[in-house]
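The primary structure of each chain is shown beneath.
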Amino acid sequence: MSPLRRLPLILALLLLLTGSLSLAGTISIAWDPVSDADLAGYKVYYGTAPGSYDQVEDVGNVTSTTLIGLDACTHYYIAVKAYDSEGLESANYSNQIDGLPRPVVSSSTPSSGEQGRSMTLSIAGESFVDGAAVEFSGTGITVNSTSWVSCTELSVSIQIATSAATGARNITVVNPDQSYGTGSGLFSVIANATPTVTAANPAAGATGVATSVHPQLTFSETMAASSITASNVRLLDASGTPVVQAAGSPALAADGITVTITPAADLAGLSTYRLWARGGSGGVTDESGNPMASDWEQTPGFTTAEGGDTEGPQVSSTNPADGASGVSSSVHPTVTFNEALDASTVTASTIRLIDASGATVAQAAGSPVLSGDGT
């Protein structure tokens, strides 16, 4: 019989042309027919090393097939032989092709984006090759760049047009060999909307809240971190005065929608507090720059449990001690309190050394000094 012809260059293109929605673990191939009156069929040989084929499939007298059950992210090498009616195979293999199984697209994070927004998506799946391209169904989504992270992840920067139609979009990943997979409806374009507060913790009307609480607000969409400031997101006491926040507060979580307030000190016991967020110009905004329509205030507020620090500090000891004599004239006196103090209240006017006449002794620059433990 005549030898098997070498596979044409169009073989690689047929990997795209024979593709469909993501079919895990498959490679589709095609080849030129052998012109031989006694031709009975073809066998496809494949394996995971060049020229070493540990698997074979008799596909019959056809000129294309799809290999199934292949391992994701595994490189396969494939060649074909023809055989006659007596089962005799051609002496030589066809030319060898190689590649990963067809890519599978399983999810997008985030899974939606507003009209007019620029964003970066993490596309998850399998058998992605460095150099893969990403496409979205419909119009209005421009792919600015695609970065290969791993065989199971791509990072994609996109721009959604302000005129992009809302609704679900398919995501297609095309490998450099033109094999592709499509995930149906994995990303949605949503209308450009203003953010809102969707939840507060503690909830309105909650009682018995721990005085060590770090209150949280949850927004309806991803927020711009630059807009989450202590002047835009506050905790108010019963008189409407903002509670002093610790350094780094408020903090926007990695999810982009949860904001946590960390008070500089525990809240007072048996007291009412309200969460508040600024809207309008200069207030909190989403990543597209849309501000919340108006100020939001928790109504009613939440009430803390009994047990907060309701008593002021007391002096527990001094050095020199009361009545001490013969003390060095170079002494640096200390006062020890029964609890940590607010450093801002330790000043030369609140902590003094007084002489026998009651006059205040002048203190050096930087005095008084609060110890590291605050006592």
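Residues numbered from 1 in each chain as written. Predicted model: local features only at pLDDT ≥ 70, side-chain atom pairs only at ≥ 80, totals over all residues. Heavy atoms only, no water.

Asks: Would you explain the overall build of the protein in this entry?
Replies: A count of helical and extended segments in the protein gives one helix and 24 strands. Computed over its C-alpha atoms, the radius of gyration of the protein comes to 36 Å, more than 25% above the 21 Å expected for a compact globule of 375 residues. Counting over 375 residues, the protein shows a buried share of 36%. Counting only contacts in the protein whose residues sit at least 6 apart along the sequence, the fraction spanning at least 24 positions is 64%. Here the protein displays about 19,000 Å² of accessible surface, and carbon together with sulfur accounts for 51% of that area. (Helix = DSSP H or I, 4+ residues; strand = E, 2+ residues; numbered from the N terminus. Rg over C-alpha atoms; globule rule 2.2 N^0.38 Å. Buried < 20%, exposed > 50% of the residue type's maximum accessible area, 1.4 Å probe, protein only. Contact = heavy atoms within 4.5 Å. Areas by Shrake-Rupley, 256 points an atom, 1.4 Å probe, with all protein chains shown as cover.)

Asks: Teacher, can you tell me more about the packing of aromatic side chains here?
Replies: Two measures describe an aromatic ring pair: the distance that separates the ring centres and the angle between the ring planes. If you walk through the whole model with that rule in mind, you get six aromatic pairs. Ring centres 5.9 Å apart and planes at 70° place the aromatic pair Phe 136 and Phe 187 in the edge-to-face group. One end of the pair, Phe 136, is in strand E10 (residues 133-136); the other, Phe 187, is in strand E14 (residues 180-190), with 51 residues separating them in the sequence. Exposure class is identical for Phe 136 and Phe 187. Each is buried. Through a chain of ring-to-ring contacts, three or more aromatic side chains come together here, namely Tyr 45, Tyr 53 and Tyr 93. Against the face of Tyr 83 rests Lys 43, its NZ or CZ located 5.7 Å from the ring centre. Here the guanidinium or amino end of Lys 81 rests over the ring plane of Tyr 93, the centre of that ring lying 4.3 Å away. (Phe/Tyr/Trp six-rings, centres within 6.5 Å; stacked < 30°, edge-to-face > 60°. Lys NZ or Arg CZ within 6 Å of the ring centre and 35° of its normal.)

Asks: Which parts of the structure should I look at to understand the sheet that holds E14?
Replies: Pairing between the strands of a sheet is mediated by backbone hydrogen bonds and can be parallel or antiparallel. Ordered by their spatial adjacency, four strands build an open sheet running E8-E14-E13-E10, and the pairing between neighbours is mixed. Only two strands of the sheet have a single neighbouring strand rather than two, namely strand E8 (112-114) and E10. If you compare each strand with its neighbour and ignore which way they point, the axes differ by 35° on average. (Pairing = 2+ DSSP bridges. Axes fitted to C-alpha atoms, helices over the stretch in contact; angles between N-to-C directions.)

Asks: It is not clear to me how the sheet that holds strand E19 (residues 258-260) should be interpreted in this structure. Could you clarify?
Replies: Taken in spatial order, the four strands line up as E15-E16-E19-E18 in an open sheet, and their pairing is antiparallel. Each edge of the open sheet carries a strand with a single partner, namely strand E15 (197-201) and strand E18 (251-252). Two strands pair when backbone bridges link them, and E15 and strand E16 (residues 216-219) are joined in this way by four bridges, in the antiparallel orientation. For Val 197, the partnering residue across the bridge sits in E16 and is Phe 219.

Asks: When you look at the pattern of salt bridges in this model, what are you seeing that I'm missing?
Replies: Between side chains of opposite charge, a pair can form as their charged atoms come close. Tallied over the entire structure, the rule returns three salt bridges. For Arg 117, the salt bridge is made with Glu 287, and the minimal N-O distance between the two is 2.0 Å. Separated by 170 residues along the polypeptide, Arg 117 in the loop between E8 and strand E9 (118-126) and Glu 287 in the loop between strand E20 (272-277) and strand E21 (296-297) bring together distant segments of the chain. Of the residues examined, Arg 117 reaches a relative accessible area of 11% and is grouped as buried. Owing to a relative accessible area of 43%, Glu 287 belongs among the partly exposed residues under this scheme. (Salt bridge = Lys/Arg side-chain N within 4 Å of Asp/Glu carboxyl O.)

Asks: Could you clarify how one ought to interpret the state of the cysteines in this entry?
Replies: One way to say it: the disulfide is the covalent bond shared by the sulfur atoms of two cysteines. Per the counting criterion, the structure on display carries one disulfide. Note that Cys 73 is cross-linked by a disulfide to Cys 151, the S-S spacing being 1.9 Å. Disulfide Cys 73-Cys 151: the torsion about the S-S bond is -105°, which places it as left-handed. Note that Cys 73 is positioned in the loop between strand E4 (64-67) and strand E5 (76-84) and Cys 151 in the loop between strand E11 (141-150) and strand E12 (153-160), a separation of 78 residues in sequence. (Disulfide = S-S within 2.5 Å.)

Asks: Mind showing me how you'd approach the side chain of Ser 108 here?
Replies: Take Ser 108: it is sitting in strand E7 (residues 104-109). For Ser 108, the side chain forms a polar contact with the main-chain oxygen of Pro 110, separated by 2.8 Å. (Polar contact = N/O pair within 3.5 Å; in protein donor to acceptor, adjacent residues only side chain to side chain.)

Asks: Whenever I open this one, the confidence of the model for the protein confuses me. Can you help?
Replies: Predicted coordinates in regions of low pLDDT should not be interpreted in detail. Here the protein averages 90 in pLDDT, and 93% of its residues register 70 or above. With pLDDT under 50 throughout, residues 1-21 is counted as low confidence; its partners more than four residues away or in other chains account for 57 contacts. (pLDDT = per-residue confidence, 0-100.)

Asks: Looking at this structure, how should I read the layout of surface pockets?
Replies: Sizing a probe to match a water molecule and rolling it over the atoms shows the empty space that remains. If you add up the space inside the largest pocket, you get close to 690 Å³. In terms of lining, the largest pocket is formed by 25 residues, of which the most central are Pro 333, Thr 334, Ile 351, Ser 367 and Pro 368. At the level of secondary structure, the elements contributing two or more residues to the lining of the largest pocket comprise strand E23 (315-319) and strand E24 (334-337). No other element matches E24, which puts four residues into the lining of the largest pocket. Grouping the constituent residues of the lining of the largest pocket by class yields 15 nonpolar, nine polar and one charged. (1 Å grid on protein atoms, 1.4 Å probe; cavity = no way out; pocket = protein on both sides within 12 Å on 5 of 7 lines; lining within 4 Å. Points joined across faces, edges and corners; volume = space filled by probe spheres on them. Nonpolar A, V, L, I, M, F, W, Y, C, P; charged D, E, K, R; others polar.)

Asks: It is not clear to me how the environment of Phe 128 should be interpreted in this structure. Could you clarify?
Replies: Counting through the fold element by element, Phe 128 comes out in the loop between E9 and E10. What makes Phe 128 buried here is its relative accessible area of 1%. Here the alpha-carbon distance between Phe 128 and Leu 154, two residues 26 residues apart in the chain, equals 7.6 Å.

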